[in-house]
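One-letter residues, chain by chain:
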Amino acid sequence: MKPARSLTDLVAAGLMTEADAAAMAGVADRYAVALTPYVLDRLAGAAPDDPVAVQYIPAPAEAYSTEDELADPIGDHSHSPVKGIVHRYPDRVLLKPLHACAVYCRFCFRREMVGPGGDALSAGELDAALAYVRSRPEIWEVIVTGGDPFLLAPRRLRAIVQAVAAMGHVGVIRFHTRIPVADPARVTPELVAALRADGIASWVAVHVNHAAEMTPEAAAAAARLADAGIPLLGQSVLLKGVNDEAAVLEALFRALVRNRIKPYYLHHPDLAPGTSHFRPSVERGQDLVDALRGHVSGLCQPTYVLDIPGGHGKAPIGRCAIETHGGDGHGIRDYQGRRHRYPG
Ligand SMILES: *Cc1c(COP(=O)(O)O)cnc(C)c1O
Ligand code: SF4
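Note that the coordinates shown come from a computational prediction; the quantities given were computed from them, not determined experimentally.

So, on to the overall build of the chain. When helices and strands are counted, the chain shows 12 helices and 12 strands. Along the three orthogonal principal directions, the C-alpha set of the chain runs to about 65 × 55 × 40 Å. The burial tally for the chain puts 51% of its 344 residues in the buried class. Look at the contacts in the chain between residues 6 or more apart in sequence, and 75% of them connect residues 24 or more apart. Looking at the chain as shown, the accessible area adds up to about 15,200 Å², and 55% of this sits on carbon and sulfur atoms. Here the chain contributes 35 positively and 38 negatively charged side chains, and the mean placements of these two sets differ by 5 Å.

Okay, here's the thing in structure tokens:
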């Protein structure tokens, strides 16, 4: 099976009608479409509201942008000192060696930047990006993202890891990827080996939004990483129609922890153009996170965060258990909603 890279391919795969494809030509011209053979195989016969299908198959609603949506919702451009680097926090940088992905998520926050023609760094540009990190001793962590860095050949990943490990002041290299659930066979022993080097701790954050994505193949890919001693984090986006129910989130986080992936962040969706149909209210997100607290192991609780539009960084947006603070101490709400006092 070949990847689907166009609406015509989706029609051929039986995942879209001709009429829908005709109506969505504008959407597909603007935002890249791709599904891997693995995902196509999984979606054979899936209903249109399948929680995996809606993450990848274009919808007519993408043609509508709201006034508050932004082409660069989290301000990558304003914090980019050299091509391929985003330096927002003092001690860590994003390194974006490429802007291509194996699949294109319809809610992607970088949807105006990613795509098959999406800028990849040339060898010289990558050297310049690495030189930027090398010359700044305050950088303790390099977060390799994109696009999807696991699309790089193991040889190129190894070159990046080795270069960063040799810097001395960088203690951690973290990869953000969707490949373990989008094309798990790509997580080969060679790729896993390329991520590790002496002198640096390698972490991998896997982007997963629904328990149905943790198939036996995806679980095996995660196991190859974890068995190599690489700690795994889960990164999920709260998405209307995909996972905006307490039971669905609970199943997702349990599936992650069961596969040695610690849920790290639950992201409120960014203001990417044409994605308002995916965005629940912040209050809805807070209710869902409250519903998990206490009922599910602490291992299964990510931090609910929002990237503040304009590039001001991430902020935790879950409700605080401290409800009042006055002369007689703090009023604290427990997981069942009862109130208690903590003196001081
Ligand atoms: C999200 C992000 C990071 C990583 O933040 P953590 O809270 O450490 O996961 C770093 N730099 C930029 C620009 C980011 O958007
Ligand atoms: S894999 Fe990540 S960067 Fe690529 S389209 Fe999905 S959300 Fe965007």
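Here the narrative resumes.
When the charged atoms of two side chains with opposite charge come close together, those side chains can pair. This structure, assessed with the given rule, holds 22 salt bridges. Put simply, Glu112 and Arg30 hold a salt bridge, and the shortest N to O gap is 2.8 Å. Residue Glu112 is located in the loop between β2 (92-95) and α6 (123-134), and its partner Arg30 is located in helix α3 (residues 25-30); the two are separated by 82 residues in the primary sequence. Since its relative accessible area comes to 32%, Glu112 is described here as partly exposed. Among the ionic pairs, Asp290 bridges to Arg333, the shortest N-O distance being 4.0 Å. Linking Asp290 in helix α12 (residues 282-292) with Arg333 in strand β11 (residues 329-333), this pair joins segments that are 43 residues apart in sequence. By sharing partners, the salt bridges in this structure join Asp76, Arg88, Lys96, Arg110, Asp307 and Lys314 into a single network.

Here we come to empty space enclosed by the protein. Taking a probe equal in size to a water molecule and rolling it over the atoms shows the remaining empty space. Enumeration according to the criterion identifies 2 cavities of 30 Å³ or more in this entry. Within this model, the largest cavity holds a volume of roughly 40 Å³. Lining the largest cavity are Tyr38, Val39, Arg42, Val52, Tyr56, Val181 and Glu213. If you tally residues by element for the lining of the largest cavity, the top one is helix α4 (residues 37-43), at 3 residues.

Further remarks concern the side chain of Gln286. Within the element layout of this structure, Gln286 appears in helix α12. Looking at Gln286, the relative accessible area reads 14%, which means it is buried. Not counting residues up to four positions away in its chain, the partners in contact with Gln286 are Tyr304, Ile317, Gly318 and Arg319.

Let us now look at the packing of helix α11 (residues 246-258) against α12. Packing of α11 against α12 brings their axes to within 9 Å, and their N-to-C directions diverge by 60°. Viewed along their axes, α11 and α12 adopt a mutual orientation that is oblique. The interaxial crossing formed by α11 with α12 has right-handed handedness. Judged by residue contacts, Ala246, Leu249, Glu250 and Phe253 of α11 engage Leu288, Ala291 and Leu292 from α12. Its residues assigned to classes, the contact of α11 with α12 shows 6 nonpolar, no polar and 1 charged.

Here the focus is the nonpolar core. Within the largest apolar cluster, 94 residues are counted, with the highest numbers of intra-cluster contacts made by Leu35 and Leu95. Per element, the largest residue contribution to this core is 6 residues, and it comes from helix α7 (residues 154-165). Counting the residues that make up this core, at least three belong to each of domain 1 (1-63) and domain 2 (64-323). Not counting chain neighbours up to four residues away, the residues in contact with Leu35 comprise Pro3, Ala4, Leu10, Leu15, Leu40, Leu43, Tyr56, Ile57, Ala102 and Val103.

With that settled, consider the site of ligand 2. Taken together, Cys101, Val103, Tyr104, Cys105, Cys108, Arg178 and His207 are the residues near ligand 2. The cavity that encloses ligand 2 is the largest pocket. Of the residues that constitute the shell around ligand 2, the class distribution is 5 nonpolar, 1 polar and 1 charged.

Taken together, Val86, Arg88, Tyr89, Arg92, Leu94, Ile143, Arg174, Tyr264, Tyr265 and Lys314 make up all the residues around ligand 1. Between ligand 1 and Arg88 there is a distance of 2.6 Å, counted from an oxygen atom to a side-chain nitrogen or oxygen. A distance of 2.6 Å is found between an oxygen atom of ligand 1 and a side-chain nitrogen or oxygen belonging to Tyr264. In the complex, the protein chains occlude 91% of the 380 Å² of accessible area that ligand 1 would expose alone. Elements that contribute at least two residues to the shell around ligand 1 include exactly β1 (85-89), β2 and β7 (261-267). By residue number, the principal contributor to the shell around ligand 1 is β1, which donates 3 residues.

Parameters and conventions
- Residues numbered from 1 in each chain as written.
- Chains lettered and ligands numbered in written order.
- Predicted model: local features only at pLDDT ≥ 70, side-chain atom pairs only at ≥ 80, totals over all residues.
- Heavy atoms only, no water.
- Helix = DSSP H or I, 4+ residues; strand = E, 2+ residues; numbered from the N terminus.
- Buried < 20%, exposed > 50% of the residue type's maximum accessible area, 1.4 Å probe, protein only.
- Contact = heavy atoms within 4.5 Å.
- Areas by Shrake-Rupley, 256 points an atom, 1.4 Å probe, with all protein chains shown as cover.
- Lys, Arg positive; Asp, Glu negative; His and termini not counted.
- Charge placed at Lys NZ, Arg CZ, Asp CG, Glu CD.
- Salt bridge = Lys/Arg side-chain N within 4 Å of Asp/Glu carboxyl O.
- 1 Å grid on protein atoms, 1.4 Å probe; cavity = no way out; pocket = protein on both sides within 12 Å on 5 of 7 lines; lining within 4 Å.
- Points joined across faces, edges and corners; volume = space filled by probe spheres on them.
- Axes fitted to C-alpha atoms, helices over the stretch in contact; angles between N-to-C directions.
- Parallel < 35°, antiparallel > 145°, perpendicular 65-115°, else oblique.
- Left-handed = near helix turned anticlockwise from the far one by under 90°.
- Nonpolar A, V, L, I, M, F, W, Y, C, P; charged D, E, K, R; others polar.
- Core = buried A, V, L, I, M, F, W, Y, C linked by side-chain atoms within 4.5 Å.
- Domains from an automatic or database assignment.
- Near = heavy atom within 4 Å.
- Sits in = over half its atoms within 2 Å of the grid points.
- Polar contact = N/O pair within 3.5 Å; in protein donor to acceptor, adjacent residues only side chain to side chain.

The values are spatial; any link to function lies outside them.
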